[in-house]
Amino acid sequence: MPITSTETHVILTHPDDESTELQILKYGATVVSWKIHGEEQLWLLEGAKLDGLRPVRGGVPLVFPVFGKSSKAGFDQLPQHGFARNSEWDFLGVTSSDPPTVQLALSPEEANPDIYQKWGGEKEENYNFLVFVTVELGAQSMKMSVEVQNREPERVFNFNWLFHTYLRVPDIEDTLVTNLPGEKCYDQLLKESYEEKAPAVQFHQETDRIYINVDTKKDLQVVHLGKAIHTIKRDNLPDVVVWNPWIEKSKGMGDFEPKDGYKHMVCVEAGKVGEFVELGPMGIWKASQELKGGEDIKLHAV
Ligand code: BG6
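Residue positions within a chain follow its written sequence, with the count starting from 1. Totals for whole chains, interfaces and linings use all residues, but because this is a predicted model, local features are given only for residues with pLDDT of at least 70 and pairs of side-chain atoms are given and counted only at 80 or more. Based on all heavy atoms of the structure, the side-chain values leave hydrogens and waters out of the count.

Undergrad: Just checking my understanding: could you explain the side chain of Asp219 for this structure?
TA: Tracing the backbone shows Asp219 in the loop between β17 (207-212) and β18 (220-224). Counted as a polar contact is a pair of N or O atoms within 3.5 Å, where, for protein atoms, one must be capable of donating a hydrogen and the other of accepting one, and residues adjacent in sequence contribute only when both atoms are in side chains. Within the structure, Asp219 has its side chain in polar contact with the side chain of Lys233 (distance 2.8 Å). Any two residues having at least one pair of non-hydrogen atoms within 4.5 Å are treated as being in contact. Apart from the residues lying within four places of it in its own chain, the contact partners of Asp219 are Asn179, Thr231, Ile232, Lys233, Lys298 and His300. Strands here mean DSSP runs of E at least two residues long; helices mean DSSP runs of H or I at least four residues long; both are numbered from the N terminus.

Printed below as a string of structure tokens:
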């Protein structure tokens, strides 16, 4: 069976190789595992509690309708990263069996009510919206597409979207993220904006940066000891967050186990977070990311 749905998970198996497999937790529509020929591509904290009581740390949590904490009116009451990752999504079913492809949806009916009602601040009625996420498992790739619909006949709403992807790496200190030199970046730790001067992003300390408006023709690559181990292709997702919590921040995160887990992960997160998407009445916004396993290194000109 290429696709199985249990009470909590949806599991996709590739028809050419049953060890190429993807698991989606319905809570958060979080991809929690993606294996190519048995080799895990994503990082998930050990003993992660996939109990639907807290957002998952690892895999690909979905960030909507706000990235981080925002002081902007309409977003200031929302917790970090919004409510998509804290809601039980509806599994709509299979849209193709080869390549195996499934769709999940989030609407006001499924959205975590305590958080969802805070989106938009003081207002007469909560926003009517629909989000579809489609996940496709290729032989060497995984594609995630999103469609956000504004179901309001008259009101505009604003949102951020981010695929908060935790990629597995053998050793963070031997890892680089390419194709970001020359890009404008906001450093969330220094609280400063600057232009990236380094030929590749290296990791020797806590890193938390938002690269703004990176041409989506530029593929991002995670390179380990001279070999591209992950490639991220983006469509309509101009901003890229690069994050590693390193030692102290990991210690401070209660759920972060083992404490040296930061050595084996890097988050390269494609999204629209520098500015909010403003979606008019009955409007539709679409975007996608495609992750690929090992590929040749491709350096884009600055
Ligand atoms: C990243 C942010 O996207 O997510 C970081 O840039 C944040 O600032 C990280 O610490 C993890 O967030 P959370 O809410 O899952 O701990």
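Alright, that's what it looks like, and here's the rest.
Undergrad: Explain the sheet that holds strand β13 (residues 175-177) to me, please; I cannot follow it from the model alone.
TA: As a general point, the strands of a sheet are linked pairwise by backbone hydrogen bonds and lie either parallel or antiparallel. One open sheet accounts for nine strands, arranged β7-β8-β9-β10-β22-β19-β18-β13-β16; its pairing is antiparallel. Two strands close off the open sheet at either side, each with one partner strand: β7 (90-97) and β16 (201-202). Examined bridge by bridge, β13 and β18 share three bridges and lie antiparallel to one another. Its bridge partner lying in β18, Leu176 is registered against Val223. Each pair of strands is called paired provided DSSP finds at least two bridges between the two strands.

Undergrad: I'm lost on the nonpolar core in this one. Help?
TA: Nonpolar side chains in soluble globular proteins tend to be buried together. Here the nonpolar core consists of buried residues drawn from Ala, Val, Leu, Ile, Met, Phe, Trp, Tyr and Cys, with membership extended through side-chain atoms lying within 4.5 Å. For the exposure calls, accessible area comes from a 1.4 Å probe over protein chains only, and a residue counts as buried if that area is under 20% of its type's maximum, exposed if over 50%, partly exposed in between. Core analysis: the biggest nonpolar cluster contains 76 residues, and Trp119 and Trp161 have the highest contact counts within it. It is strand β21 (residues 265-279) that contributes the most residues to this core, seven residues altogether. Each residue touching Trp119, except ones within four places of it in the same chain, is listed here: Phe64, Pro65, Gly74, Phe75, Leu78, Phe83, Tyr127, Phe129, Phe157, Asn158 and Phe159. Residues Val63, Phe67, Ile210 and Val241 belong to the second largest nonpolar core, which totals six residues.

Undergrad: What's the story with the site of the ligand in this structure? I'm lost.
TA: Residues in contact with the ligand, as listed here, are Arg57, Phe67, Gln80, His81, Arg85, His164, Gln188, Asp208, Val241, Trp243, Lys249 and Glu269. The separation between an oxygen atom of the ligand and a polar side-chain atom of Arg57 is 2.9 Å. Between the ligand and Arg85, the relevant distance is 2.9 Å, taken from an oxygen atom to a side-chain nitrogen or oxygen of the residue. All accessible areas in this document rest on Shrake-Rupley with a 1.4 Å probe, and a residue is counted as covered only by the protein chains that are shown. Contact with the protein chains covers 88% of the free accessible surface of the ligand, which is 400 Å². Cavity membership is defined here by more than half of the atoms lying within 2 Å of grid points; on that basis the ligand lies in the largest pocket. Being near a molecule or strand, for a residue, comes down to having at least one heavy atom within 4 Å of it. Here the term cavity refers to a set of points on a 1 Å grid, laid over the protein atoms alone, in which a 1.4 Å probe fits but cannot get out; the term pocket refers to an open set having protein on both sides within 12 Å along at least five of seven lines, with lining residues being those that place an atom within 4 Å of a point. Each molecule is checked against the cavity or pocket grid, and it sits inside if more than half of its atoms lie within 2 Å of the grid points.

Fair warning: the whole summary comes from geometry, so function is off the table for now.
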